[in-house]
Amino acid sequence: IATPWCNNCGTPPLMHDSRNDLDLVKQGLQDRILEVCANLLPRGRREGKEWVAHNPFVDEARKAPALKVALTGNKGAWRDWRNGDKGDVIKLVEFAHSCSFKEAMDWARDFLGLRSMTWEERKKLRQQVETRKVRAAQEDAERRMAKIERAQALYFENTAETGRMSGPEMHARAYFSARACPLEAVEHLSAKTFRFSPGTEWWKGAQWQAGAHGGGRKIANGPRFPAIHTALRAMAGSVACCHVTFLDPLLPRKAPVEPPKLMFGEALGAVIEVSTGPAGGDFWDAEAKALPLILCEGIETALSLAAAVPEARVWAGGSLAGMGHVPVSLGCVAEIHVARDNNAGNRQAQQQLAQALARLEEAHKPISIMQSHE
């Protein structure tokens, strides 16, 4: 080797190879994620466990910010929920600077000071990274289970089950009737899906105080509204995520907040069972009879179709991405009819639907698309 050491900093040349120090760079950015976000998206702000900002390249000042960066868990993972762009913390640098992967890595090395480190310092840093990887994997698993437990508590606590005809349930029924999808019209409505609350915190309105090391402390709760709590259940039947629709305290309409619907927990792989079909029984029951399945994106579409087609099971995935992960491989599903929303001008929605259909086809069951003529 003609030049075994870097002339600039005295380290082996491979230490500057992006294929060799990618883990160091990524971990370094994640360790300083608040600084990274403030640098790359200076007009954003922290909201709980996310850095929320407008897309810096799109004029959307009159719209709610939709670009969100995780400050916990997989730190730096981000998504623009309006246009679909997403990626890890390195992709965030590429996006913010409109640059290539190589240029993003160079910026990150300068930001982290890696170029000025000695070989011994970088060796020590790599050992620290490996140790943190093991610890992070354990913490992620614990955090995931804690999140699911909080979603279960949100679904069950301070709520009444369907059929009790409590005040919150009657208010929710009035809301669904006003939306032209009354619960009373669903002959085989699942009794284990909807619960009703007299007052649930709209947690997007909470105020947080940033901590010195990336943590945060809640200093004020968000407003409370009557709410419909909807269970997204995993293949085994346990509640993995809670979908909450916040209602106006007096009128049968959504609460005057944006967004009026929120989800908490792990939605992918879980399903909202709206109708059990004439066979009855829960979808996770091994003895459940195989029936045609109508799979929808949203709850209100599912309620409408459940009323119109009582002979089918009707589920909602909660989102286009969620539709592709529902457990259609279960024996209770004989065939799949995907209820497609009319998103003719939405390229992102069309791509997400195509991805969902590709995943559903992996179950090797008859599949077709339903689409309204209106």
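Check the entry above for the structure.
## Looking at the overall build of the chain
Counting its secondary structure elements, the chain contains nine helices and 17 strands. The dimensions of the chain, computed from C-alpha atoms along their principal axes, are 80 × 50 × 40 Å. Counting only contacts in the chain whose residues sit at least 6 apart along the sequence, the fraction spanning at least 24 positions is 60%. When the accessible area of the chain is evaluated, it comes to approximately 19,400 Å², of which 52% is carbon and sulfur surface. Charged side chains of the chain number 48 positive and 44 negative; the gap between the two group centres comes to 4 Å.

## A look at the packing of aromatic side chains
Under the defined criterion, the tally for this structure stands at ten aromatic pairs. Three or more aromatic residues link up through ring pairs in this structure, and these residues are Phe57, Trp78 and Phe95. Stacked on the ring of Phe264, the Lys or Arg Lys147 has its end atom at 5.8 Å from the ring centre. The residue whose ring lies beneath Arg195 is Tyr155, and the NZ or CZ to ring-centre distance is 5.9 Å.

## Section: helix H6 (residues 167-178)
Taking 1.5 Å of rise per residue, the twelve residues of H6 would be expected to cover 16 Å, and the 17 Å separating its terminal C-alpha atoms lies within 8% of that figure. Those residues of H6 that sit buried are Glu169, His171, Ala172, Arg173, Tyr175 and Phe176. In this fold, the buried residues of H6 make contact with strand S6 (160-161), strand S7 (194-201), strand S10 (224-233), strand S11 (239-246), strand S12 (261-265) and helix H7 (299-308). Note on H6: the residue one or two positions beyond its end, Ala180, has a positive phi of about 65°.

## Overview of the packing of helix H3 (residues 89-97) against helix H4 (residues 101-112)
It is at 9 Å that the axes of H3 and H4 come closest, and there the two elements cross at 105°. On the basis of their axis angle, the class for H3 and H4 is roughly perpendicular. Along its contact with H3, which presents Ile90, Val93, Glu94 and His97, the element H4 presents Phe101, Ala104, Met105 and Trp107. In the contact of H3 with H4, the residues fall into six nonpolar, one polar and one charged.

## Structural notes on the pattern of salt bridges
Counting across every chain of the model gives 19 salt bridges. Taking the shortest distance from any N to any O, the salt bridge between Lys218 and Glu201 comes out at 3.0 Å. Within this pair, whereas Lys218 is found in strand S9 (residues 216-220), its partner Glu201 is found in strand S7, the two being separated by 17 residues in sequence. The class for Lys218 is partly exposed, based on a relative accessible area of 33%. In this structure Glu201 comes out as buried when scored by relative accessible area, which is 14%. A salt bridge links Arg253 to Asp248, with the nearest nitrogen and oxygen atoms 3.8 Å apart. By relative accessible area, Arg253 is classed as partly exposed at 47%. The structure contains a network of salt bridges with shared partners spanning Asp21, Lys102, Asp106, Arg109, Asp110 and Arg115.

## Observations regarding helix H2 (residues 33-40)
Taken residue by residue, H2 has Ile33, Val36, Cys37 and Leu40 as its buried positions. End-on view of H2: buried residues confined to an arc of 95°, all on one side of the axis.

## Remarks on the sheet that holds strand S5 (residues 86-87)
Sheet architecture is open: five strands sit in the order S1-S2-S3-S4-S5, paired in antiparallel fashion. Single-partner strands in this sheet number two, and they are strand S1 (45-47) and S5. One ladder, built from four bridges, connects strand S2 (residues 50-53) with strand S3 (residues 67-70); its direction is antiparallel. In the sheet register, Glu50 faces S3, and the bridge partner there is Ala70.

## Things to note about unusual backbone geometry
At the junction of Glu258 and Pro259, the peptide bond is cis and its omega measures out at 0° in the coordinates. For Pro259, the position within the fold is in the loop between S11 and S12. One non-glycine residue, His364, lies in positive phi territory at about 55°. Overall, the relative accessible area of 73% leaves His364 in the exposed class.

## Remarks on the pairing of S2
Where S1 meets S2, three bridges bridge the pair, whose relative direction is antiparallel. When the sheet's bridge partners are listed, Arg46 is paired in S2 with Trp51. Connecting S1 to the antiparallel partner S2 that follows it, the hairpin turn spans two residues, and Gly48 within it adopts a positive phi of roughly 60°.

Here is what the cut-offs are and how they apply
Sequence positions are assigned chain by chain, starting from 1 and proceeding in written order. In keeping with the model being predicted, local features are shown solely for residues with a pLDDT of at least 70 and side-chain atom pairs are shown and tallied solely at 80 or more, while totals for entire chains, interfaces and linings include all residues. Side-chain descriptors were evaluated using all non-hydrogen atoms of the structure, hydrogens and water having been removed beforehand. Each helix is a run of H or I in the DSSP string that is no shorter than four residues. Each strand is a run of E no shorter than two, and both are numbered from the N terminus. By definition in these notes, contact holds between two residues if any of their heavy atoms fall within 4.5 Å. Note that accessible areas follow from Shrake-Rupley with a 1.4 Å probe, and for residues the cover is restricted to the protein chains shown. Neither His nor the chain ends contribute to the count of charged residues, in which Lys and Arg are positive and Asp and Glu negative. By convention, the point assigned to a charge is CZ for Arg, NZ for Lys, CD for Glu and CG for Asp. Each Phe, Tyr or Trp ring (for Trp, its six-membered ring) is paired with any other whose centre lies within 6.5 Å, and the angle between the two planes then decides the class: stacked below 30 degrees, edge-to-face above 60, tilted in between. Only when the NZ of Lys or the CZ of Arg is both within 6 Å of the ring centre and within 35 degrees of the ring normal is a charge said to sit over the ring. Expected span of a helix, by definition, is 1.5 Å for each gap between consecutive residues, and there is one gap fewer than residues. For each residue, the accessible area found with a 1.4 Å probe, counting protein chains only, is set against the maximum for its type, and the residue is called buried under 20%, exposed over 50%, and partly exposed in between. Axis definition: a line fitted to C-alpha atoms, limited for helices to the stretch in contact. Angles are taken between N-to-C directions and run from 0 to 180 degrees. Small angles under 35 degrees read as roughly parallel and large ones over 145 as roughly antiparallel, with 65 to 115 read as roughly perpendicular and the rest as oblique. Each residue is assigned to one class: nonpolar for Ala, Val, Leu, Ile, Met, Phe, Trp, Tyr, Cys and Pro, charged for Asp, Glu, Lys and Arg, and polar for all the others, Gly among them. When a carboxyl oxygen of Asp or Glu is within 4 Å of a side-chain nitrogen of Lys or Arg, the pair counts as a salt bridge. Relevant arc is that of directions from the helix axis to the C-beta atoms, nothing else. Two strands qualify as a pair provided DSSP detects at least 2 bridges between them.

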